[in-house]
Amino acid sequence: MKSCYGKYVLMVVVGLAVGTVSVSAQARMTHSEYINKYKDIAIEHQDVYGIPVSIKLAQGLLESDCGNSRLAVEANNHFGIKCKSDWTGATITHDDDAPGECFRRYDSPEQSFLDHSEFLDKSARYQALFDLDITDYRGWAHGLKAAGYATNPRYAELLIKIIEDYELYALDSAEQQTPVFAEQRPPVDDVSRAEDAVFTPADKIDVDNYVVSVRTVSGYPVYYNNGSEFVVANTGDTYIKIAAVTGVSEKKLRKFNDVGPGQEPRVGEPVYIRQKGKKATNGKLIHTVQEGETMHSISQAYGIRLSNLVKINRRSADSQLRPGQQIRLM
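Since the structure is predicted, the reported quantities are computational estimates derived from the model, not experimental observations.

Rules used throughout
- All residue numbers here refer to positions counted from 1 along the written sequence of the relevant chain.
- Under the rules for a predicted model, residues below a pLDDT of 70 receive no local features and side-chain atom pairs below 80 are neither given nor counted, while totals for whole chains, interfaces and linings still include all residues.
- Note: side-chain values were computed over all heavy atoms of the structure, leaving out hydrogens and water.
- Only runs of H or I of at least four residues qualify as helices and only runs of E of at least two qualify as strands under DSSP, and these elements are numbered from the N terminus.
- Working definition: with a 1.4 Å probe on protein chains only, accessible area under 20% of the residue-type maximum means buried, over 50% means exposed, and in between means partly exposed.
- Any carboxyl oxygen of Asp or Glu within 4 Å of a side-chain nitrogen of Lys or Arg constitutes a salt bridge here.
- The disulfide criterion is simple: two cysteine sulfur atoms within 2.5 Å.
- Nine residue types can take part in a nonpolar core, namely buried Ala, Val, Leu, Ile, Met, Phe, Trp, Tyr and Cys, and a core is a set of them joined through side-chain atoms within 4.5 Å.
- For this analysis, residues touch if any pair of their heavy atoms sits within 4.5 Å.
- Under this scheme, a helix contributes an axis fitted over its contacting stretch, all axes are lines through C-alpha atoms, and angles between N-to-C directions fall in the 0 to 180 degree range.
- Throughout, the term roughly parallel applies to angles under 35 degrees, roughly antiparallel to angles over 145, roughly perpendicular to angles from 65 to 115, and oblique to all others.
- A clockwise turn of the near helix away from the far one marks a right-handed crossing, whereas an anticlockwise turn of less than a right angle marks a left-handed crossing.
- Throughout, the ten residues Ala, Val, Leu, Ile, Met, Phe, Trp, Tyr, Cys and Pro are labelled nonpolar, Asp, Glu, Lys and Arg are labelled charged, and all others, Gly among them, are labelled polar.

Here we come to the side chain of Ser-64. Mapped onto the fold, Ser-64 is located in helix α3 (residues 53-64). The buried category is assigned to Ser-64, whose relative accessible area is 0%.

Printed below as a string of C-alpha cells:
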C-alpha cells in the first residue's frame, strides 16, 4: 500500500490544498485504509445527494491528507471547509491562505462527510455539477475548481490523478458497489430504520414484471430497474410523503423523476429514489409507443433520464407521440 505521505502531501504542504499539516505523533493512515474506511458513507451519499463516490473520496483524501492532517485529526474536518458567515457550529483556527483562518469543527468524520454533501447540495455555485453524469468524475473535478472550491490552480488535476491512481471511478457504478450490500438482512418496514435496509443485486427484476421487491421501506416495496431503485405510488401519495418515507429529499425525488414543482405522482407510477440511467442497460433497444404514452412515461418505465431519452431520439420532452412509433432506448 502507498502511504499518504508522498507526492500529494508534498504538493499540498507547499500551498496546493487546504489543511494538510501532518500529525506524526500517531500512525499515519494510507490511501487504501482511508478508502476502505469511508467508501460506504461515500456510496450512501452518492445515492442520496448525487455526488460521485470517486469525487467525494478524492476530495477527502486530498484535503485531509488521508485523514492525517491537523484539521482532520483535531477537528474531524476532512474537506477543508471554512466557517463562512452561516456556520453556527464549533470552529478551529488554522493557517491557510491567511494566518488563523476559521474552519469548521465536527464531532465525527461522518458529520464532516454530511456537511460536505449539504455544502455542495445547497450552494448555488455548485448546482451545475448535479446535471453531469454520475460517472463524469473529470467534469466534476473541473467543475469544482471552476466554481471556486479551492484556490490551487491544479486542483482538478490532483483530484483526477487520485481517482485514476486508485481506480475510484469504479465505485461510481452501482455494479461495482456490490460488496457494500453483501450482508443479507431482513426487510425494513419502519422508516426510522430505513438506513438498515439492504439492496441485494441478486434480486434484480425485469421492468416488465416487477412482482418481487428487493426490499421494503415503511410498507413500500422497493423495486430495481436499469441500475436504479423505485417505489410505486399509491393513492394520495405525494413527493413530500414519499420523501419522508424513503429519506430522500423532495428536491432529489423531483430531480430523479424529471418533474417540476406542482406535479405529483399518479397511482401506479414508479417514483425513483435513485438517479435513473443514461440509457437502457437491460438489452432493450427499442420501445414501441402505446396509446397515451409520453416521453416522460417511457423514461419512467425504463429508468432512463428524460434528458438523455430525448437526446437519443432527437426529440423534445413534450413531443407528441403516436401509437406504433419506435423510441430508441440506447
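Another point: the pattern of salt bridges. Overall, the coordinates contain 20 salt bridges when judged by the stated rule. Here Lys-82 and Asp-97 are joined by a salt bridge, their closest N and O atoms 3.3 Å apart. Of the two residues, Lys-82 sits in the loop between α4 (70-75) and β1 (91-94) while Asp-97 sits in the loop between β1 and β2 (101-104), which places them 15 residues apart along the sequence. Overall, Asp-97 belongs to the exposed group, its relative accessible area being 54%. Salt-bridge contacts for Arg-254 lead to Glu-250; the nearest nitrogen and oxygen are separated by 3.0 Å.

Here we take up the state of the cysteines. Tallied over the full model, the rule gives one disulfide. The side chain of Cys-83 participates in a disulfide bridge whose partner is Cys-102; the two sulfur atoms lie 1.9 Å from each other. Looking along the S-S bond of the Cys-83-Cys-102 disulfide, the torsion reads about -75°, which is the left-handed sense. On the criterion of sequence distance, the pair formed by Cys-83 in the loop between α4 and β1 and Cys-102 in strand β2 is long-range, its members being 19 residues apart. The exposure class of Cys-83 is buried, given its relative accessible area of 7%. Judged by relative accessible area, which is 33%, Cys-102 ranks as partly exposed.

The next subject is the nonpolar core. Grouped burial of nonpolar side chains is what soluble globular proteins tend to show. Grouped together as the largest cluster of nonpolar side chains are 42 residues, with contacts concentrated most on Leu-57, Leu-120, Tyr-126, Leu-144, Tyr-149 and Leu-168. Within the residue set of this core, elements represented by two or more residues are α2 (31-49), α3, α5 (109-122), α6 (137-146) and α7 (155-165). Counting residues in hydrophobic clusters, the runner-up holds 19 residues, among them Tyr-220, Val-248, Val-259 and Ile-273.

Once that is clear, we can look at the environment of Arg-104. Inspection of the secondary structure puts Arg-104 in strand β2. Overall, Arg-104 belongs to the buried group, its relative accessible area being 4%. Spatially, the C-alpha atoms of Arg-104 and Ala-90 are 6.3 Å apart, while their sequence positions differ by 14 residues. In this structure Arg-104 touches Ala-75, Asn-77, Ile-81, Lys-82, Cys-83, Lys-84, Asp-86, Trp-87, Ala-90, Ile-92, Asp-115 and Phe-119, once residues within four positions along its chain are discounted.

With that settled, the discussion passes to the packing of α3 against α6. At a minimum axis distance of 9 Å, the contact between α3 and α6 shows a crossing angle of 45°. In terms of orientation, α3 lies oblique with respect to α6. For the pair α3 and α6, the sense of crossing is right-handed. For the pair α3 and α6, the contacting residues are Ser-54, Ile-55 and Gln-59 in the first and Tyr-137, Trp-140, Ala-141 and Leu-144 in the second. Split by residue class, the contact of α3 with α6 holds five nonpolar, two polar and no charged.

With that settled, consider unusual backbone geometry. Positioned with a positive phi, Lys-84 is a non-glycine residue whose angle comes to about 65°. With respect to the secondary-structure elements, Lys-84 resides in the loop between α4 and β1. Positive phi values are uncommon outside glycine, yet Asp-258 reaches one of about 55°. Tracing the chain through its elements places Asp-258 in the loop between α9 (250-256) and β6 (270-272).

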